[in-house]
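Descriptive structure summary
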Amino acid sequence: MSGDGGFGEDLIMVDEQLSSSTLRGDSFISPSSPLLMDDLSLGPDAPSTTPGTAQLPSQLAMFGLLDYTVFSAMLAMSALIGVYFAFFAKQKQNTTAEYLMGGKNMGIFPVSMSLIASYISGITLLGMPAEIYVYGTQYWSVLIAILLMSIGCGVFFLPVFYKLQLNTSYEYLQLRFDRRVRLLGSFLYIISTLLYIPIVVYIPALAFSQVTGVNLHLVTPLVCLVCIFYTSLGGMKAVVWTDALQTILMFGGAIVVVVVGTVAVGGIDVVWRRSEMSERIEFFNMDPSPTVRHTFWNIAFGSFFGWITHISVNQGMVQRFLAMPSINKARTMLFIFCVGVMVIVSVSCYTGLLIYATYHDCDRVTTKIIHASDQLLPYFVMDVTGFIPGLPGLFMAGVFSAALSSMSTGLNSMAGVIFEDYIKPRLSGKVSEARASLMMKIICAAIGVFCVCMVFIVENLGGVLQVSGSLGGVTNGPMLGIFTLGMFFPWANSIGTFVGGVAGLLVMSWISFGTQAAIAAKLITFPKKPVSVAGCTHLYPDALSSIVDDPLLPVEVQEEPLSIYNLSYTLYSLTGLVVVLVVGLLVSYVTGFQDPEQLDLDLLTPPIQRFFRKKGDEQGKANGRPARANGDVENPKLMEALLSSADNDDKRGRTEQQGATDEEPQAS
């Protein structure tokens with residue numbers, strides 16, 4: 001989860017659940033395991049296959065024709081949407097504005113659905129129920145962080161980006177500081193997204209392989225190629241409309257599974273009662289310690305900084321806000337996004353309680369029927385809803401839809417960032433809109449192929465989950481920090497911001513990677529909620545005894561990790577932000593603060609704008625000068641640089657066409 005950060009925190013959360021096991025393609029245990037009876041299907045004493053009873057994977061329902069039809073229909077419709085916008089739509093995707101922003105005339109509903117789908121990944125849908133199952137409901141208080149994040153984005157960040165109307169959010173960093181800071185921001189985004197996409201595709205693909213038996217190496221390239229096809233050809237409009245379709249499937253599959261599962265277990269009251277008895281219902285752990293994994297404080301307020309990084313300064317999200325024709329519609333879309341994410345998060349959290357209530361007396365992880373808690377949901381779907389034709393197919397279509405929406409958003413956004421920040425400045429002369437659009441399509445396809453290849457590397461490197469999850473914690477804080485210095489601190493200069501960003505990156509790399517290494521070495525463990533195997537009647541008594549005893553064996557810790565490694569992952573983004581702000585402002589002070597009077601007020605967040613506008617008006621009255629309006633700057637050379645920076649190459653091309661000399665632009 002999401003993700004960005006956002007997705008970084010989701011990956012770290014899933015990684016902590018998987019830290020004691022290796023993710024494998026054959027994750028459902030073989031019926032020939034010595035822990036299991038040789039033949040459960042023969043004789044009058046064979047166990048029941050009623051949903052919720054202990055079943056082996058060989059007893060679970062498998063994908064049928066209708067399931068494959070539903071899943072294939074999702075892929076076919078996604079591809080057709082790309083074909084339509086590439087070849088049959090009135091407005092072709094042959095300009096930068098069309099390819100990246102959808103012409104800035106798209107409707108609120110599809111873009112809102114796209115925003116939700118882009119944020120909710122397959123990692124979220126599979127990892128969040130496992131989180132609740134293993135650690136309890138404290139994470140559910142993240143709804144407060146989501147609400148605060150939406151308010152903060154709408155008040156502080158959205159007005160700035162919408163007023164400037166840039167192609168990428170990282171262009172802002174060049175307008176406010178310089179090109180070095182811009183490249184630092186875009187570099188952080190590209191690297192984190194390149195490592196995130198393979199993970200977000202691999203985990204749902206693995207789940208699909210588990211419940212269908214289809215080879216992972218077959219389904220992954222097929223699904224990814226469909227995504228690359230409609231994203232590269234159809235541009236922003238194809239991404240948005242396929243995301244809207246996939247969001248409906250995602251919500252539909254999750255809700256239907258929850259309804260069927262709740263009825264099968266006996267109702268919501270049974271789910272809640274069994275969860276309470278196991279101490280999983282926990283919303284107000286008020287422990288102020290920053291080393292406790294989940295408390296009310298670090299979930300409701302600490303994780304706010306990770307979420308707001310992803311929604312407020314991430315290119316994929318900003319791109320969708322700028323696709324709206326007015327800022328009021330952008331704010332409406334933000335409200336819909338907030339409600340939609342809160343609903344899907346709540347459904348996923350409740351699903352975790354539902355899975356526990358179903359298997360309250362026979363934990364599937366302890367009995368090694370499955371190898372890791374992230375496999376609980378696919379197993380649950382096939383166990384409890386497998387008897388309904390088409391429902392497993394709908395659910396897997398929803399999970400894969402979440403993955404494809406995250407992938408398509410990343411591909412489209414990275415194509416724009418790489419072109420605008422790294423390729424366009426190095427092209428000589430004016431670049432036509434058609435050529436720019438074609439180049440971005442090629443970049444998009446190339447990145448997609450690279451990510452598909454990375455999926456196969458992920459499969460063979462179990463530790464990559466730790467690396468990728470850690471990377472999310474590494475990049476979120478520094479990313480938010482450099483944008484915060486730009487919008488909230490007009491005294492911060494480019495040198496201070498660049499040094500602060502690098503310092504934040506180094507500090508968070510040390511903390512995050514060091515923590516993950518300590519977790520992998522079992523130097524750091526997290527208390528889990530109790531589970532039971534008393535109802536696992538399908539196991540031999542001796543095997544059952546050994547299963548119950550194993551988790552109780554004491555674990556000797558040879559050394560204590562550094563205390564900083566015990567910091568809750570929910571505070572990583574806040575920690576990185578603080579490091580960037582402190583170092584950035586100190587270096588800015590040493591090298592000479594930026595004069596706020598030399599800044600365009602449009603580069604500052606509205607509350608800071610009002611403060612300096614009021615201050616400027618008071619000074620102006622004292623000196624007999626007119627009031628300072630939005631966009632006014634005292635230095636005309638700086639104003640010229642601000643106006644020309646976003647389209648410097650186009651201006652240079654026009655100058656060459658007019659036959660201007662090299663000295664003329666220098667003189668101007």
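In what follows, the accompanying structure is described. (Residues numbered from 1 in each chain as written. Predicted model: local features only at pLDDT ≥ 70, side-chain atom pairs only at ≥ 80, totals over all residues. Heavy atoms only, no water.)

A few words now on the overall build of the chain. From N to C terminus, the chain includes 25 helices and zero strands. Here the chain, with 668 residues, has 59% of them falling under the buried criterion. When the accessible surface of the chain is summed, it comes to about 25,500 Å², and 65% of that surface belongs to carbon and sulfur atoms. (Helix = DSSP H or I, 4+ residues; strand = E, 2+ residues; numbered from the N terminus. Buried < 20%, exposed > 50% of the residue type's maximum accessible area, 1.4 Å probe, protein only. Areas by Shrake-Rupley, 256 points an atom, 1.4 Å probe, with all protein chains shown as cover.)

Moving on, we get to helix α5 (residues 122-135). With 14 residues, α5 should reach 20 Å at 1.5 Å per residue; the first-to-last C-alpha distance of 20 Å fits that figure. Taking burial as the measure, the 14 residues of α5 include 14 buried ones, the bulk of the element. Of the residues trailing α5, glycine 136 is marked for its positive phi of about 100°. (Expected span 1.5 Å × (residues − 1).)

This brings us to the packing of α5 against helix α14 (residues 327-358). At their nearest, the axes of α5 and α14 sit 7 Å apart, and the two run at 50° to each other. The pairing of α5 with α14 is recorded here as oblique in orientation. Once α5 is placed against α14, the crossing between them reads as right-handed. Between α5 and α14, the contacting residues are Leu125, Met128, Pro129, Ile132 and Tyr133 on the first element and Ile344, Val345, Ser348, Cys349, Thr351, Gly352, Leu353, Ile355 and Tyr356 on the second. Residue composition of the contact of α5 with α14, grouped by class: 11 nonpolar, three polar and no charged. (Axes fitted to C-alpha atoms, helices over the stretch in contact; angles between N-to-C directions. Parallel < 35°, antiparallel > 145°, perpendicular 65-115°, else oblique. Left-handed = near helix turned anticlockwise from the far one by under 90°. Contact = heavy atoms within 4.5 Å. Nonpolar A, V, L, I, M, F, W, Y, C, P; charged D, E, K, R; others polar.)

Before going further, it helps to examine the side chain of serine 408. Inspection of the secondary structure assignment puts serine 408 in helix α16 (residues 391-423). Beyond its immediate sequence surroundings of up to four residues, serine 408 is in contact with Cys227, Tyr230, Thr231, Val239 and Asp243.

Checked against the element boundaries, aspartate 243 lands in helix α9 (residues 216-265). Considered as a pair, aspartate 243 and methionine 113 are 130 residues apart in the sequence and their alpha carbons are 6.5 Å apart. Ignoring anything within four residues of it in the chain, the contact list for aspartate 243 reads Met113, Ser114, Ala117, Ser118, Arg320, Ser405, Ser408 and Thr409. Side chain to side chain, aspartate 243 and serine 408 meet in a polar contact 3.5 Å long. (Polar contact = N/O pair within 3.5 Å; in protein donor to acceptor, adjacent residues only side chain to side chain.)

Judged by side-chain polarity, Ile144, Leu147, Leu148, Ile151, Val155, Phe156, Phe284, Met286, Trp297 and Phe301 come together as a nonpolar surface patch covering roughly 880 Å² of accessible area. The element best represented in the nonpolar patch is helix α6 (residues 142-164), accounting for six residues. Here isoleucine 151 shows up in helix α6. A residue is classified by how much of its surface remains accessible, and isoleucine 151, at 48% relative accessible area, is partly exposed. (Patch = residues over 30% accessible without salt bridge, like charges linked within 9 Å, V, L, I, M, F, W, Y side chains within 5 Å. Salt bridge = Lys/Arg side-chain N within 4 Å of Asp/Glu carboxyl O.)

Aromatic ring pairs: the centre-centre distance and the angle between the two ring planes describe each pair. The final tally for this structure, using the stated rule, is 24 aromatic pairs. Ring geometry for tryptophan 510 and tyrosine 565: centres 6.2 Å apart, planes at 65°, overall edge-to-face. With tryptophan 510 in helix α19 (residues 494-520) and tyrosine 565 in the loop between α20 (541-549) and α21 (572-591), this residue pair connects regions lying 55 residues apart in the sequence. The exposure class assigned to tyrosine 565 is buried, which follows from its relative accessible area of 14%. Taken together, the ring pairs connect Phe161, Tyr170, Tyr172, Tyr189 and Phe483 into an aromatic cluster. Stacked on the ring of tyrosine 356, the Lys or Arg arginine 280 has its end atom at 3.9 Å from the ring centre. (Phe/Tyr/Trp six-rings, centres within 6.5 Å; stacked < 30°, edge-to-face > 60°. Lys NZ or Arg CZ within 6 Å of the ring centre and 35° of its normal.)

Before going further, it helps to examine the nonpolar core. Membership of the largest hydrophobic core comes to 160 residues, with the highest contact counts inside it found for Ile146, Tyr172, Ile311, Phe337, Val345 and Phe483. Beyond its immediate chain neighbours, meaning those up to four positions away, isoleucine 146 contacts Trp307, Cys338, Val341, Met342 and Val345. (Core = buried A, V, L, I, M, F, W, Y, C linked by side-chain atoms within 4.5 Å.)

The next point concerns α16. Each α-helix winds once per 3.6 residues, and so residues spaced three or four apart point in a common direction. In this model, α16 (33 residues) spans 46 Å end to end at C-alpha, consistent with the 48 Å of a helix rising 1.5 Å per residue. Counted residue by residue, α16 has 30 buried out of 33 residues, so it is predominantly covered.

Attention now moves to the packing of helix α2 (residues 65-88) against α9. α9 packs onto α2 with a crossing angle of 115° between their chain directions and a minimal axis gap of 7 Å. Seen from above, α2 lies across α9 with right-handed handedness. When the residues that make up the contact of α2 with α9 are grouped by side-chain class, the tally is 19 nonpolar, five polar and one charged.

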